[in-house]
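Architecture at a glance
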Amino acid sequence: MVIMKVGRGEDQKKKERMQLGKYELGRTLGEGNFGKVKFASNLDSGEAFAIKILEKNRIIDLKITDQIKREIATLKLLKHPNVVRLHEVLASKSKIYMVLEYVTGGELFDRIASKGRLPESAGRKLFQQLIDAVSYCHNKGVFHRDLKLENVLFDSKGNIKITDFGLSALPQHFRDDGLLHTTCGSPNYVAPEVLTNRGYDGATSDIWSCGVILYVILTGYLPFDDRNLAVLYQKIFKGDAKLPKWLSPGAQNILRRILDPNPVNRITVSGIKADEWFKQDYTPANPYDDEEDIFVDDEAFSMQDESSDGDKCPSSPSLINAFQLIGMSSCLDLSGFFEKEDVSERKIRFTSNHSAKDLLERIEDVVTEMGFRVQKKNGKLKATQEHKVQKSLGSLSVAAEVFEISTSLYVVELRKSYGDSTVYRQLCNRLSSDLGLPPSPELLATEG
């Protein structure tokens, strides 16, 4: 697929438009980590579209090829008035172009942020549309797994459209136990069972996220919120969302049944549709019955990974997201303090706002002062302290690595290879003190 620059007479140098096959590309509607979304119009019909332009090299760098394939495969299945529709997928050697339905009304997030909570009747209507769409997706075997205000759009008539199926799951993603096991989603909206790493039901976890959305629609704020991830997850596990007294009994009841931290007891889609509060003025949406054949260019997934390890800065920290961080942890105490030591692997982690470079320098200073020999390679640090007479007496070998969660939040993992537990705890407490963190009570206990 070739993009053409089409000039307009004498104004060619001042004004150019980009043409992609039968589409004329216009202004940029949004930008993300690996591409842009541009307004486009069909040159034959004049119909408006949104074209998601994905850079293949960014997709490869971010290792999200499977995620993009999943999103396209999912959207090909879904033809519902409350789901953003995919029309076709074009491609060049360097880009993928997803031609999507153009939705003009903005995000539900922006609507709530600017105008505050909605009246119950208006909020219920949006929730009915959300449940219709989610129920349709589930019946198609699609589980969104990242439902949140930002992924709910408005069309010109004020109806909602679910978007961004990049984290969705299809039946082939289930393991033999019939459960999903990938921890994903957005922290404030994630269901408690997703955080346990024991498997979860995609439908049940989606319903929890719908409950969080309903709560925000009706109150104007999140049911579970805290800047500290550990505290946030503790609140989610408890499921103790405070229900304002000014909400109607019906609204309070359905929220309580959706935001049940026990997925076995949580209300189902059919239960929601049978709820008296939900059924008020409810008109179910009808899926589209057309059989439009969605074209997907084979070139879309012709990607070669041309990057090499030599291109990467050896001192750059590994980038992880909040849920990978949870998966690394044997508990959820990620509050900026040392965690309980993993006895089997002898690992301790703590979070910090210091840069990766600063953290490794501080760790090096501390271990050097304590008499450790230091080796550094590829952004990792290894410190060894050998006892001259007997290796097991007062000897210790540890490795430190820094992971980046965001531009201002890092996790340091300290892992003991072998050695004296007392010296190890002394080192941990020294690092805690040097980095301005309170010493962890767990570190004062005897190692198991």
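Everything numeric here is computed off the predicted structure, so don't read it as measured data.

1. Some thoughts on the overall build of the protein
When helices and strands are counted, the protein shows twelve helices and 16 strands. The burial tally for the protein puts 49% of its 448 residues in the buried class. Pairs at least 24 apart in sequence give 60% of the contacts found in the protein among residues at least 6 apart. Accessible surface for the protein amounts to roughly 22,500 Å². Of this, 48% is attributable to carbon and sulfur atoms.

2. A few points about the environment of Glu276
Looking at the secondary structure, you find Glu276 in helix H9 (residues 276-279). Take Glu276: its relative accessible area is 57%, and that puts it in the exposed class. It is 9.2 Å that separates the C-alpha atoms of Glu276 and Ile254, two residues lying 22 residues apart in sequence. A distance of 3.3 Å separates a polar atom in the side chain of Glu276 from a polar atom in the side chain of Lys279.

3. Side note on the packing of aromatic side chains
Summed over the entire model, instances satisfying the criterion amount to six aromatic pairs. Ring plane angle 80 degrees and centroid distance 5.9 Å describe the contact between Phe127 and Phe278, whose orientation is recorded as edge-to-face. On the criterion of sequence distance, the pair formed by Phe127 in helix H4 (residues 120-139) and Phe278 in helix H9 is long-range, its members being 151 residues apart. Residue classification places Phe127 among the buried positions, given a relative accessible area of 0%. Here the aromatic cluster, defined as three or more aromatic residues joined through ring pairs, consists of Phe127, Phe278 and Tyr282. The aromatic ring of Phe39 is capped on one face by Arg27, whose charged end is 4.8 Å from the ring centroid. Here the basic side chain of Arg124 rests over the ring of Trp277, its NZ or CZ set 4.9 Å away from the ring centre.

4. Things to note about the packing of helix H5 (residues 202-219) against helix H7 (residues 249-258)
In contact at an axis separation of 9 Å, H5 and H7 are set at 150 degrees when each is read in the N-to-C sense. The handedness of the crossing between H5 and H7 comes out as left-handed. Counted together, Ile207, Trp208, Gly211, Leu214, Tyr215 and Leu218 of H5 and Ala251, Ile254, Leu255 and Ile258 of H7 form the full contact between these two elements.

5. A short note on the pattern of salt bridges
Using the criterion set out here, one finds eleven salt bridges in the structure. Of the charged contacts in the structure, one is a salt bridge between Arg362 and Asp358, with a shortest N-O distance of 3.1 Å. Residue Arg362 and its partner Asp358 are located together in helix H11 (residues 356-369), separated by four residues, close to a single helical turn.

6. Notes on unusual backbone geometry
In terms of backbone geometry, most residues other than glycine have negative phi values and most peptide bonds are trans. You will see that Asp281, though not glycine, has its phi angle at about 55 degrees, which is positive. On the secondary structure map, Asp281 appears in the loop between H9 and strand S10 (295-296).

7. Side note on the side chain of Gln19
Inspection of the secondary structure puts Gln19 in strand S2 (residues 16-20). For Gln19, a relative accessible area of 18% translates into the label buried. Side-chain polar atoms of Gln19 contact the backbone oxygen of Gly21, separated by 3.1 Å.

8. Digging into the state of the cysteines
Overall, the coordinates contain zero disulfides when judged by the stated rule. Not part of a disulfide, Cys137 finds its nearest cysteine sulfur in Cys210, a span of 9.7 Å. By relative accessible area, which is 5% here, Cys137 ends up buried.

9. A closer look at H4
Taking 1.5 Å per residue, 20 residues should reach 28 Å; H4 reaches 28 Å between its end C-alpha atoms and fits that length. The buried fraction of H4 amounts to 15 of the 20 residues, a majority that puts the element mostly inside the structure. Positive backbone phi, at 80 degrees, marks Gly141, one or two positions downstream of H4.

10. Concerning the pairing of strand S4 (residues 35-42)
In terms of burial, S4 is a largely internal element, six of the eight residues being buried. In terms of strand pairing, strand S3 (residues 23-31) meets S4 through six bridges, oriented antiparallel. If you follow Glu31 over to S4, its bridge partner there is Lys36. Note: S4 against strand S5 (residues 48-55), seven bridges, orientation antiparallel. Pairing of Gly35 across the sheet is with Leu54, part of S5. Count of turn residues in the S4/S5 antiparallel hairpin: five residues, of which Gly46 carries a positive phi of about 80 degrees.

11. Notes on the environment of Ala203
Mapped onto the fold, Ala203 is located in helix H5. Judged by its relative accessible area of 22%, Ala203 is partly exposed. Ala203 has contacts with His138 and Phe143, leaving out every residue within four places of it along the chain.

12. Regarding the packing of H4 against H5
Following both chains from N to C, one finds H4 and H5 inclined at 165 degrees, their axes separated by 10 Å at the closest point. Relative to H5, the element H4 is oriented roughly antiparallel. For the element pair H4 and H5, the recorded crossing hand is right-handed. Together, Glu120, Gly123, Leu126, Phe127, Leu130, Ile131, Val134 and His138 of H4 and Gly202, Ala203, Asp206, Ile207, Cys210, Ile213, Leu214, Ile217 and Leu218 of H5 make up the contact between the two elements. Tallied by class, residues from the contact of H4 with H5 come to twelve nonpolar, three polar and two charged.

13. What about the confidence of the model for the protein?
In this model, the protein carries an average pLDDT of 75, and 71% of its residues clear a pLDDT of 70 or more. The weakest mean pLDDT in the protein belongs to helix H10 (residues 322-328) at 49; the strongest belongs to H9 at 97. For residues 167-185, every residue scores under 50 in pLDDT, and the model assigns this stretch 57 contacts once sequence neighbours within four places are set aside. Within the model, the stretch residues 326-345 combines pLDDT values under 50 with 55 contacts to residues more than four positions away or in other chains.

The rules behind these values
- Every residue gets a number counted from 1 within its own chain, in the order that chain's sequence is written.
- Restriction of local features to residues with pLDDT of at least 70 applies here, the model being predicted, together with a cutoff of 80 or more for giving and counting side-chain atom pairs; totals for whole chains, interfaces and linings are based on all residues.
- Working from all heavy atoms in the structure, the side-chain values ignore hydrogens and water.
- Only DSSP runs of H or I covering at least 4 residues are called helices, and only runs of E covering at least 2 are called strands; the numbering of each starts at the N terminus.
- Relative accessibility decides the category of a residue: with a 1.4 Å probe and only protein chains considered, values under 20% of the type maximum give buried, values over 50% give exposed, and everything between is partly exposed.
- Contact definition: two residues touch when any of their heavy atoms are within 4.5 Å.
- With residues, only the protein chains shown are counted as cover, and all accessible areas are computed by Shrake-Rupley using a 1.4 Å probe.
- Any N or O atom pair separated by 3.5 Å or less is treated as a polar contact, with the protein-specific requirement of one donor-capable and one acceptor-capable atom, and with residues adjacent in sequence counted only for side-chain atom pairs.
- Geometry of aromatic contacts follows a simple scheme: Phe, Tyr and Trp rings, the Trp one being its six-membered ring, pair when their centres are within 6.5 Å, and the pair is stacked under 30 degrees between planes, edge-to-face over 60, tilted otherwise.
- For a Lys NZ or an Arg CZ to count as sitting over a ring, it must be within 6 Å of the ring centre and within 35 degrees of the ring normal.
- Note on geometry: axes are lines fitted to C-alpha atoms, helical ones only across the stretch in contact, with angles between N-to-C directions running from 0 to 180 degrees.
- Rotating anticlockwise by less than a right angle from the far helix to the near helix defines a left-handed crossing, while the corresponding clockwise rotation defines a right-handed one.
- Just to be clear on terms, a salt bridge is a Lys or Arg side-chain nitrogen sitting within 4 Å of an Asp or Glu carboxyl oxygen.
- Only a pair of cysteine sulfur atoms within 2.5 Å counts as a disulfide in this structure description.
- One less than the number of residues in a helix, times 1.5 Å, gives the span that helix is expected to have.
- Strand pairing is assigned whenever DSSP detects at least two bridges linking the two strands.
- Each angle gets one of four labels, with under 35 degrees taken as roughly parallel, over 145 as roughly antiparallel, 65 to 115 as roughly perpendicular, and the rest as oblique.
- Classification convention: Asp, Glu, Lys, Arg as charged; Ala, Val, Leu, Ile, Met, Phe, Trp, Tyr, Cys, Pro as nonpolar; all other residues, Gly among them, as polar.
- The predictor rates its confidence in each residue with pLDDT, a number between 0 and 100.

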